[in-house]
Amino acid sequence: MIVEADGGSRGNPGPAGYGAVVLDPADSQVLAERSESIGTATNNVAEYGGLIAGLRAAAELGATHVEVRMDSKLVVEQMSGRWQIKNAGLRPLAAQAADLARRFTAVSYSWIPRERNTRADALANRAMDSAAGIVRPERASPQENDAEGDLPRPPLAGPDSAGRIAARKVAADAALLARGAAGAIRSWEPRGGTPLRLLLVRHGETTRTAERRYSGRGDVPLTERGLAQARAVAARLAGVPLAAVVTSPLERCVRTAEVIALAERAPIVVDEDLVECDFGEWEGLTFRDVRERYPTELETWLGSTAVAPPGGESLDAVAVRVDRAVERLRAHGSGVVVVVSHVSPLKLILREALAAGDAFLYRCHLDPAGMSTVDMWPDGAVSVRSVNDTSHV
């Protein structure tokens, strides 16, 4: 029998899970599926979990010869005896897998690229969603664009695109209905009372912005142009009474926030949940670098917002913490609050405010120092008044 297994975590370590399938070698029919959320763990621990679950399922089916296929080079090489197991935390898991393997007449291990491990990968991602408390319909694929952290146009339709598009349309409709049922107010009438007005400002330019590099947790400063852009935002808001300026903890945002807050003597609040997506091993690389060095990982990431870059964070995980930040912002009740953050968090806030699907993430462009305006009322009504206003710069 064939065992395909995978595992992963959102954050490494982070919310983790694994998936495994057992296939008939004659026709690739799925004989068994296994998946499980395992709480907080590393990618490697989750991958070994998938291997153990797959071997156990094959044994239950009475297999005598097993071919294990995984996209984890580390697990394949360690179980084949070619690499030492230096991580003490993995040794008990490898020993458990080896004990299961001895139940079969023969077991072989093969590395396969991730795009050929889609069944186990999908099961693992669902398990990771469950571990992270994420319950979402199928979401469209984000891809790279031509600016720091931007998400680009969707891929061109392929031969079976009609079915995928129809399925995504159903998922998008379901998401919109769910948001509506959760309290969205539908009315053409002007709202009464005073809303909480969020002025969503992307930080000013950095060197990585100009060079079109992945810029996540790297704490790069503003360029002189970026500082001038921050001053332009402050001039735009001159005379507007600000309840607070809430910012990501990274320097490029804090400096932008300081310039804005100084003009109106507004308090600055640092919110860790507004930090940019963690791009892991891709941090500081150009989009071309990543395409050349991580072709398999990039394709997987482009295929699902639930997938993280190697050692990084998925957009679904970013959405969870951004939702927490918005709830804290709502506590201001009314008045004007400036929110200084990055491309990914700001797009996710706008996506939710518009009750939009993931297509919005790659169709919306946010410039450095661009400003978007969202009004929120206590009864749950939301009005998006502008997106990426750059008239001040």
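Placed above this text is the structure.
On a predicted model such as this, the values are computed, not experimentally measured, just so you know.

Undergrad: Looking at this structure, how should I read the overall build of the protein chain?
TA: For the protein chain, the count of helices and strands is 13 helices and 11 strands. Per-residue burial for the protein chain yields a buried fraction of 51% across its 393 residues. Contacts in the protein chain between residues at least 24 apart in sequence constitute 71% of all its contacts with a sequence separation of at least 6.

Undergrad: Sorry, what's going on with the sheet that holds strand S2 (residues 14-23) here?
TA: Either a parallel or an antiparallel arrangement is found when strands of a sheet pair, and the pairing is made through backbone hydrogen bonds. Taken in spatial order, the five strands of this open sheet run S3-S2-S1-S4-S5, and their pairing is mixed. This sheet does not close on itself; its edge strands, each paired only once, are strand S3 (30-41) and strand S5 (106-111). When the angles between neighbouring strand axes are averaged without regard to direction, this sheet yields 20 degrees. Of the pairings in the sheet, the one linking strand S1 (residues 2-9) to strand S4 (residues 65-70) comprises four bridges and is parallel in character. Opposite Val3, over in S4, you have Val68 as the bridge partner. Seen against the sheet, helix H1 (residues 43-60) touches S1, S2, S3, S4 and S5 and runs at an angle of roughly 155 degrees to S1.

Undergrad: Which parts of the structure should I look at to understand the sheet that holds strand S6 (residues 196-202)?
TA: The strand order across the open sheet formed by six strands is S8-S7-S9-S6-S10-S11, and the pairing between neighbours is mixed. Pairing within the sheet leaves two strands with one partner each, and these edge strands are strand S8 (268-270) and strand S11 (382-389). For this sheet the average axis-to-axis angle between neighbouring strands, irrespective of direction, equals 20 degrees. Pairing geometry for S6 and strand S9 (residues 335-341), over seven bridges, is parallel. Note on S9: the bridge partner recorded for Arg202 is Ser341. Against the sheet, helix H12 (residues 343-353) touches S6, S9, strand S10 (371-376) and S11, its axis set at about 145 degrees to S6.

Undergrad: Would you mind going over the environment of Phe279 with me for this structure?
TA: The residue Phe279 is located in the loop between S8 and helix H9 (287-293) in this model. Using a relative accessible area of 2% as the deciding quantity, one classes Phe279 as buried. Counting along the chain gives 63 residues from Phe279 to Gly216, while the straight-line C-alpha distance between them is 5.6 Å.

Undergrad: Sorry if this is basic, but what is going on with the nonpolar core here?
TA: The tendency in soluble globular proteins is for nonpolar side chains to be buried as a group. In terms of nonpolar packing, the biggest core is built from 38 residues, with Leu198, Leu200, Tyr214 and Trp282 touching the most fellow members. Here the element with the most residues in this core is helix H11 (residues 315-330); it accounts for seven residues. Counting residues in hydrophobic clusters, the runner-up holds 25 residues, among them Ala20, Val66, Met70 and Leu90.

Undergrad: So what exactly am I meant to see when it comes to the environment of Glu77 here?
TA: As for its placement among the helices and strands, Glu77 is situated in helix H2 (residues 73-79). You can call Glu77 buried: its relative accessible area is 9%. C-alpha of Glu77 to C-alpha of Tyr109: the two residues are 32 residues apart in sequence and 8.1 Å apart in space. Once residues within four sequence positions are removed from consideration, Glu77 is found in contact with Arg82 and Trp83.

Undergrad: Would you take a moment to explain the packing of aromatic side chains for this structure?
TA: Here a ring pair, both rings aromatic, is described through the centre-centre distance and the interplanar angle of the planes. Evaluation of the coordinates by the stated rule reveals six aromatic pairs. A centroid spacing of 5.2 Å and a plane angle of 65 degrees characterise the contact between Tyr214 and Phe279, whose relative ring orientation is edge-to-face. In this pair, Tyr214 is assigned in the loop between helix H6 (207-211) and helix H7 (224-236) and Phe279 in the loop between S8 and H9, connecting sequence segments 65 residues apart. On the basis of relative accessibility, which here comes to 1%, the residue Tyr214 falls in the buried class. A centroid spacing of 5.6 Å and a plane angle of 55 degrees characterise the contact between Tyr214 and Trp282, whose relative ring orientation is tilted.

Undergrad: I'm lost on the layout of surface pockets in this one. Help?
TA: Rolling a probe over the atoms, with the probe sized like a water molecule, indicates the empty space that remains. For the second largest pocket, the calculated volume is near 680 Å³. In this structure, the second largest pocket is lined by 35 residues; those nearest its centre are Asn43, Glu47, Arg114, Glu297 and Pro310. When contributions to the lining of the second largest pocket are tallied by element, the ones reaching two or more residues are S1, H1, H2, helix H4 (118-132) and helix H10 (295-302). Residue classes in the lining of the second largest pocket are distributed as 12 nonpolar, 13 polar and 10 charged.

Undergrad: Mind showing me how you'd approach the pattern of salt bridges here?
TA: Close approach of charged atoms allows side chains with opposite charge to pair. Applying the stated criterion across every chain yields a total of 23 salt bridges. Across the pair Glu60 and Arg34 runs a salt bridge whose closest N-O atoms are separated by 2.8 Å. Of the two residues, Glu60 sits in helix H1 while Arg34 sits in strand S3, which places them 26 residues apart along the sequence. Residue classification places Glu60 among the exposed positions, given a relative accessible area of 56%. Exposure remark for Arg34: the relative accessible area of 31% places this residue in the partly exposed category. One network of salt bridges, with partners in common, ties together Glu4, Glu67, Arg69 and Arg119.

Parameters and conventions
- Residues numbered from 1 in each chain as written.
- Predicted model: local features only at pLDDT ≥ 70, side-chain atom pairs only at ≥ 80, totals over all residues.
- Heavy atoms only, no water.
- Helix = DSSP H or I, 4+ residues; strand = E, 2+ residues; numbered from the N terminus.
- Buried < 20%, exposed > 50% of the residue type's maximum accessible area, 1.4 Å probe, protein only.
- Contact = heavy atoms within 4.5 Å.
- Pairing = 2+ DSSP bridges.
- Axes fitted to C-alpha atoms, helices over the stretch in contact; angles between N-to-C directions.
- Core = buried A, V, L, I, M, F, W, Y, C linked by side-chain atoms within 4.5 Å.
- Phe/Tyr/Trp six-rings, centres within 6.5 Å; stacked < 30°, edge-to-face > 60°.
- 1 Å grid on protein atoms, 1.4 Å probe; cavity = no way out; pocket = protein on both sides within 12 Å on 5 of 7 lines; lining within 4 Å.
- Points joined across faces, edges and corners; volume = space filled by probe spheres on them.
- Nonpolar A, V, L, I, M, F, W, Y, C, P; charged D, E, K, R; others polar.
- Salt bridge = Lys/Arg side-chain N within 4 Å of Asp/Glu carboxyl O.

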